[in-house]
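Take a look at the letters that make up each chain.
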Amino acid sequence: MNPAKLFLICFLFSLCGMQESLAQKKSSGKHKSKIQAAQSEIKPPEKKVAVSGTVTQTFPYCGGARPTKEVMDAISQSKPYSGKKFHVIKGETNTASHKIILSFTTDSAGNFSFQLPAGTYSILLDEQVAAPDSKKYTSQFVKMDEACFKDWWAKPYYLLEVPAATTNTNIKGLNFEFHHRCFLQNDIPCLQYDGPLPP
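Notes on the structure follow. Here the residue index of a chain counts from 1 through its sequence in written order. Residues qualify for local features only when their pLDDT is at least 70, as the model is predicted, and side-chain atom pairs are given and counted only at 80 or more; totals for whole chains, interfaces and linings, by contrast, use all residues. Only hydrogens and water are set aside when side-chain values are computed; all heavy atoms of the structure are taken into account.

## Comments concerning the overall build of the protein chain
For step 1, the next point in the chain: Each helix corresponds to a stretch of at least 4 residues labelled H or I by DSSP, and each strand to a stretch of at least 2 residues labelled E; elements are numbered beginning at the N terminus. Scanning the protein chain for helices and strands turns up three helices and 10 strands.
For step 2, the next point in the chain: Sequence-ordered secondary structure for the protein chain, helices as α and strands as β, is α-β-α-β-β-β-β-β-β-α-β-β-β.
For step 3, the next point in the chain: When burial is assessed residue by residue, the protein chain has 26% of its 199 residues classed as buried.
For step 4, the next point in the chain: Partitioning the intrachain contacts of the protein chain with sequence separation of at least 6 by distance along the chain shows that 70% fall at a separation of at least 24.
For step 5, the next point in the chain: When the accessible surface of the protein chain is summed, it comes to about 13,600 Å², and 58% of that surface belongs to carbon and sulfur atoms. Classification of residues uses two cut-offs on accessible area relative to the type maximum, computed with a 1.4 Å probe and protein chains only: under 20% is buried, over 50% is exposed, and between them is partly exposed. Contacts are assigned to residue pairs with any non-hydrogen atoms lying within 4.5 Å of each other. Every accessible area reported is derived by Shrake-Rupley at a probe size of 1.4 Å, with residue values counting cover from the shown protein chains alone.

Following this line, the structure appears as C-alpha cells:
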C-alpha cells in the first residue's frame, strides 16, 4: 500500500477515536453534573432540640364542711396533671387555618417530652384546637364570657422559642400549672359558675 494512503487512513482512525473520546467525556460530564444537581436538592434532615417538662394542678376548697388545716394544706399543694393533652403549631398566633405539627400528652407523673427543629412555636390546649364554640362548654349554671373566650382562644397557652440545635440546647424543666376552679370541668378562664353552692 502506498505509504501516503496508509498515513491518511491511520490519521482518520486516530481523529475518529479522539472525537469519540471527547464525546464520552462530555456525556460523562453531563451525567456527573446531573447527579451533583440532584444531590444538592436533597436537604439534610433538620437537627431537633429535645423539649421536656412537667404539668401540675391545684384544687380549691369548694365549700361544705370546713376541712382541717392538714386537709387544706394537702388541697393547696401542686399535684401531677396526668393525661393532659397539648398541641404544637408554628408561629405566635392561633388561627382557624393552623396546622398541628405534633401533639403530646402528660404521663402518670405529669411529665412530657418531644423534639422540634429551631423556630417559633405555639403550644395550645385541647380546647384551642377547634374553632371557638362556647356551646360545648356552657350549661344551665356555667356561663361563658364570649369576648374573653375569643381572645383566649387566639392567644397560645405558651410561646416556645427553640434555638438552633447544638450539644447543649435541650430545653428542660418547663412547668405548666393549672389552678382549677370550683364546679368547672375545663381549663378555660372565661367560664363562670353561677349555680347553687354546697351548704
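## Quick look at the state of the cysteines
For step 1, the next point in the chain: Only a pair of cysteine sulfur atoms within 2.5 Å qualifies as a disulfide here. By the definition in use, this model includes two disulfides.
For step 2, the next point in the chain: A sulfur-sulfur separation of 2.0 Å characterises the disulfide bridge that pairs Cys148 with Cys190. Between Cys148 and Cys190, the disulfide has an S-S torsion of -70 degrees and is therefore left-handed. Placement of the pair is Cys148 in helix H3 (residues 146-154) and Cys190 in the loop between strand S9 (171-179) and strand S10 (191-193), with a sequence separation of 42 residues.

## Focus: the pattern of salt bridges
For step 1, the next point in the chain: The rule for a salt bridge is simple: a side-chain nitrogen of Lys or Arg has to be within 4 Å of a carboxyl oxygen of Asp or Glu. Under the counting rule described, the total for this entry stands at two salt bridges.
For step 2, the next point in the chain: The salt bridge partner of Lys69 is Asp73, with a shortest N-O separation of 2.9 Å. Within this pair, Lys69 and its partner Asp73 are both found in helix H2 (residues 69-76), separated by four residues, close to a single helical turn.

## Quick look at the side chain of Thr106
For step 1, the next point in the chain: Along the polypeptide, Thr106 turns up in the loop between strand S4 (100-105) and strand S5 (111-117).
For step 2, the next point in the chain: Among the residues examined, Thr106 registers a relative accessible area of 5% and is labelled buried.
For step 3, the next point in the chain: For the purposes of these results, a polar contact is taken to be a pair of N or O atoms within 3.5 Å, where, inside protein, one atom must be able to donate a hydrogen and its partner to accept one; residues adjacent in sequence count only when each atom of the pair is a side-chain atom. Here the side chain of Thr106 touches Lys84 through a polar contact of 2.9 Å, landing on its backbone nitrogen.
For step 4, the next point in the chain: Other than its neighbours up to four places away in sequence, Thr106 contacts Val55, Tyr81, Ser82, Gly83, Lys84, Phe86, Asn111 and Phe112.

Geometric descriptors of this kind do not, in isolation, establish any biological role.
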